[in-house]
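Tertiary structure, described
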Amino acid sequence: MARTKKLLGAYAAVGGDTLKRDRAITRFKDRLEGPAAFFDLDEITASSSMDEEEIARLIASLDQLSMGGGQRLVIVREAQALPPEARDALVSYLKDPNPESSLLLVADKLDARSKLYKAVSALGKGAIINCKEPEKRSVGSQVDRMAAELGLELDPLAKNELIDRIGANPPLLSRALRTIREQHATLGWVDVDMIRATVERAEAAAPWTVADAVISKDGKTALELIFESGQESHIGYHVWITRSLRHALVAKELEREGYGEQRGTEILAERFGARPQERGPQNAWRYRKQWRGARRFTRAELVELLKRALDVEDALKGSANGESELVRWVCEICE
């Protein structure tokens, strides 16, 4: 938003990415200038219990004239909690908003079918500010930007480890990077060991990460991930490890029949793609670790390990020793 550009009557910063929402709020506040800027800002936290008096106060705040010669800014946080009466009042206000005032709704969610969302959207391009949390597959570039702002650069393994430990949660990712910067003032390059030593795991390791470590016979990494995660993750780890062993067994047979890695992984993708759109040569990379892992086992070993998977599943579903059985099985695979 350029300084000379007049703000729309209302905006809505919508999504679970609190870092994006906070930055949007900061940008809007930066528009307020002059000695009267303090008086041209009103911040309200919405709640479902707002009564008629509080709703009237909100509309009255929007109707006030600017004291600084620019535009007044009214921020409504937790806008998803606005009661129906408040939403209706805002929809009516936005039919003819005060030209000296701008409303910023900040919400985790706001139904795009609602009258309030449509009323804001109708005010112009850019009225809806997308603050959705990024997916893990796209959060990497955001991590790079956050790190660069702090004068840090992460190697690819470090970046993957950070995202795996924290998830696609920009505020937590930003906090972790700031902690690294505060603890290591002169550091420029961040490697995976630094992440493991500095960042505590905030969510369970992805099951495919554990399965990849197991099929690669990296028992140390696999066990660390299992112990760092809660027991509710164990069934998922069992499913993915079993799946990897099954793929490795098929890879073993394909290699015995004379197929090389490129065509062999393409066949695995065609046969085992979880969804129809994943069943194609372009997804062969998903099966590369299973293909290469198959070379670490004999056919007989893979068959026996898959038989053991049944005992481990029974233990996980009905025994207090489920974790012990899972750990023992992983040790057997990785020995």
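The paragraphs below set out a description of the structure included in this document. (Residues numbered from 1 in each chain as written. Predicted model: local features only at pLDDT ≥ 70, side-chain atom pairs only at ≥ 80, totals over all residues. Heavy atoms only, no water.)

Of the two faces of strand β2 (residues 41–45), the one lined by Asp 42 and Ile 44 is fully buried and the one lined by Leu 41, Glu 43 and Thr 45 carries no buried residue. Taken together, the five bridges between β2 and strand β3 (residues 72–77) define a ladder with parallel strand orientation. The partner of Asp 42 across the bridge, within β3, is Val 74. This β-α-β element, β2 to helix α2 (residues 52–63) to β3, shows right-handed connectivity. (Buried < 20%, exposed > 50% of the residue type's maximum accessible area, 1.4 Å probe, protein only. Helix = DSSP H or I, 4+ residues; strand = E, 2+ residues; numbered from the N terminus. Pairing = 2+ DSSP bridges. Right-handed = clockwise from strand over helix to strand, strands pointing away.)

Moving on, we get to the layout of surface pockets. The calculated volume of the second largest pocket comes to roughly 230 Å³. Every residue lining the second largest pocket is counted, 14 residues in all, and those nearest its centre are Arg 31, Leu 32, Glu 33, Gly 70 and Gln 71. (1 Å grid on protein atoms, 1.4 Å probe; cavity = no way out; pocket = protein on both sides within 12 Å on 5 of 7 lines; lining within 4 Å. Points joined across faces, edges and corners; volume = space filled by probe spheres on them.)

What follows deals with the side chain of Arg 72. Looking at the element boundaries, Arg 72 is found in strand β3. At a separation of 2.8 Å, a polar atom in the side chain of Arg 72 contacts the main-chain carbonyl oxygen of Ser 61. Once you skip the residues sitting within four places of it in the chain, Arg 72 turns out to touch Phe 39, Asp 40, Leu 41, Asp 42, Ser 61, Gln 64, Ser 66, Glu 100, Ser 101 and Ser 102. (Polar contact = N/O pair within 3.5 Å; in protein donor to acceptor, adjacent residues only side chain to side chain. Contact = heavy atoms within 4.5 Å.)

Time to look at the nonpolar core. In this structure, Val 210, Val 214, Ile 241, Leu 245, Trp 329, Val 330 and Ile 333 are the most contacted members of the largest nonpolar core, which totals 36 residues. Ranked by residues supplied to this core, first place goes to helix α11 (residues 234–256) with eight residues. Leaving out residues up to four positions away in the same chain, Val 210 has contacts with Ala 205, Ala 222, Leu 225, Ile 226, Tyr 237 and Ile 241. Counting 28 residues, the second-largest nonpolar core is a separate cluster that includes Leu 58, Leu 90, Leu 94 and Leu 116. (Core = buried A, V, L, I, M, F, W, Y, C linked by side-chain atoms within 4.5 Å.)

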